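Chains, contacts and geometry: an overview
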Amino acid sequence: MKKIFRFVGIALLLAFVLIQFIPNDMPGNEAVKGMDIFEISDIPEEVSVHLKNACYDCHSHAVNHPWYASIAPASWLVAKDIREGRKELDFSAWGSLSLRDQLKLLVDISEEVHEETMPLPIYTFMHADARLNSEQREAIIRWAESYAEALLE
Amino acid sequence: MMLSMISLTAFAFLLFSAFQADVQSEKTMSVAEATFEIPEDIQNILDKSCFGCHNVDATSDKAKKKLLIDQMHELSKIKLVAALGDIRETVENGDMPPQKFLDKFPDKALTAEEAEKLKDWAGKAADDLLK
């Protein structure tokens, strides 16, 4: 019995070591300059902190990789989240979007933040500074709404 | 023993990472404004493939929360632009109608031509609102 346990243990450990050698296509941080939402608009401090802490690791080309981002299989997840997150919303490419896409995203942002589907729960589990309380969520929603109104003018 | 502990931890880590469920969003809409009319040819496409799930009397709360085609004229300009953007995006990605539904009712699928028309309309209608 003990033998089996040890055998399974070694096999799992070996698998864990081996998957470290599978190439992982981690998206890079190359951004087009001057297009980041922070360079284009004035975002109130109470909002900008949270966008940076709670969204930028998936929705920008200014990603800070956490320690686990270099360990498979977590690294695969991080890469996937960045790839899919950027596809939906890339704050670093904000200036290259049409007005209509910006408006749509601002509505999406307030909805995702209101419904608490963003930031992804798996991310806030690992990042305490990305957990938003209801006041902080409100601030983001108010900002998104007033920014959208301002864009319409 | 130590070895087993380490590998069990690694295994748990692996499972935890592998079983990350897809998180889905829900949307709410509000506020009246503007005159918005859907042209007849577009309405016909929507009626065939979309309306059944996305109207106030539909049975799926999930679908209703995301889009009410018969209430679009009630939306604020911003929400309307966003709704048109959502339509465009889902049609472009081939996400709507849902595959499960199409398995049962294959004739409700959008033809390539209908999809193209719907996308063009959604884009243009949004641009018109912003003129």
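Refer to the structure printed above.
So, here's what we can say about the structure.

Criteria and thresholds
- Residues numbered from 1 in each chain as written.
- Chains lettered and ligands numbered in written order.
- Predicted model: local features only at pLDDT ≥ 70, side-chain atom pairs only at ≥ 80, totals over all residues.
- Heavy atoms only, no water.
- Buried < 20%, exposed > 50% of the residue type's maximum accessible area, 1.4 Å probe, protein only.
- Helix = DSSP H or I, 4+ residues; strand = E, 2+ residues; numbered from the N terminus.
- Arc of directions from axis to C-beta.
- Contact = heavy atoms within 4.5 Å.
- Axes fitted to C-alpha atoms, helices over the stretch in contact; angles between N-to-C directions.
- Parallel < 35°, antiparallel > 145°, perpendicular 65-115°, else oblique.
- Left-handed = near helix turned anticlockwise from the far one by under 90°.
- Nonpolar A, V, L, I, M, F, W, Y, C, P; charged D, E, K, R; others polar.
- Salt bridge = Lys/Arg side-chain N within 4 Å of Asp/Glu carboxyl O.
- Core = buried A, V, L, I, M, F, W, Y, C linked by side-chain atoms within 4.5 Å.
- Patch = residues over 30% accessible without salt bridge, like charges linked within 9 Å, V, L, I, M, F, W, Y side chains within 5 Å.
- Areas by Shrake-Rupley, 256 points an atom, 1.4 Å probe, with all protein chains shown as cover.

All names here are of chain B. Of all the residues in helix α2 (residues 40-49), the buried ones are I42, I45, L46 and S49. The buried residues of α2 occupy an angular sector of 95° when projected down its axis, which confines them to one face. On its buried face, α2 sits against α6 (112-129).

We now examine the packing of helix α4 (residues 77-92) of chain B against α6(B). Residue and element names in this part refer to chain B. Across the interface, α4 lies against α6 with an axial gap of 9 Å and an inter-helix angle of 160°. Comparing their axes, α6 and α4 come out roughly antiparallel. Handedness of the α4/α6 crossing: left-handed. For the pair α4 and α6, contact is made by K77, L80, V81, L84, I87, R88, V91 and E92 and by A115, L118, K119, D120, W121, A122, G123, A125, A126 and L129, respectively. In the contact of α4 with α6, the residues fall into 12 nonpolar, one polar and five charged.

What follows covers the pattern of salt bridges. All chains considered together, the criterion is met by 10 salt bridges over all chains. When the shortest N-O distance is used, the salt bridge between B:K117 and B:D41 registers 3.8 Å. Taken together, the residues B:K117 in helix α6 and B:D41 in helix α2 connect sequence positions 76 residues apart. Between B:K119 and B:E92 there is a salt bridge, with its nearest N and O atoms 3.9 Å apart. Taken as a pair, B:K119 in helix α6 and B:E92 in helix α4 lie far apart in primary sequence, 27 residues in all. Salt bridges here are not isolated pairs; linked through shared partners, they connect A:K104, A:D108, B:D86 and B:E89.

By size, the foremost hydrophobic cluster in this structure holds 62 residues, and its most contacted members are A:W143, B:L84, B:L118 and B:W121. Counting only elements with at least two residues in this core, the list comes to α3 (45-54), α4 (74-88), α5 (99-114), α6 (121-126) and α7 (134-152) of chain A together with α2, α4 and α6 of chain B. At eight residues, α4(B) tops the list of elements feeding residues into this core. When sequence neighbours within four positions are dropped, the list of residues in contact with B:L84 reads B:F36, B:M72, B:W121, B:A122, B:A125, B:A126 and B:L129.

Further remarks concern a nonpolar patch on the surface. Together, A:M1, A:I4, A:F7 and A:V8 make up an exposed nonpolar region whose accessible area comes to about 500 Å². As for its placement among the helices and strands, A:M1 is situated in the segment before α1 (2-19).

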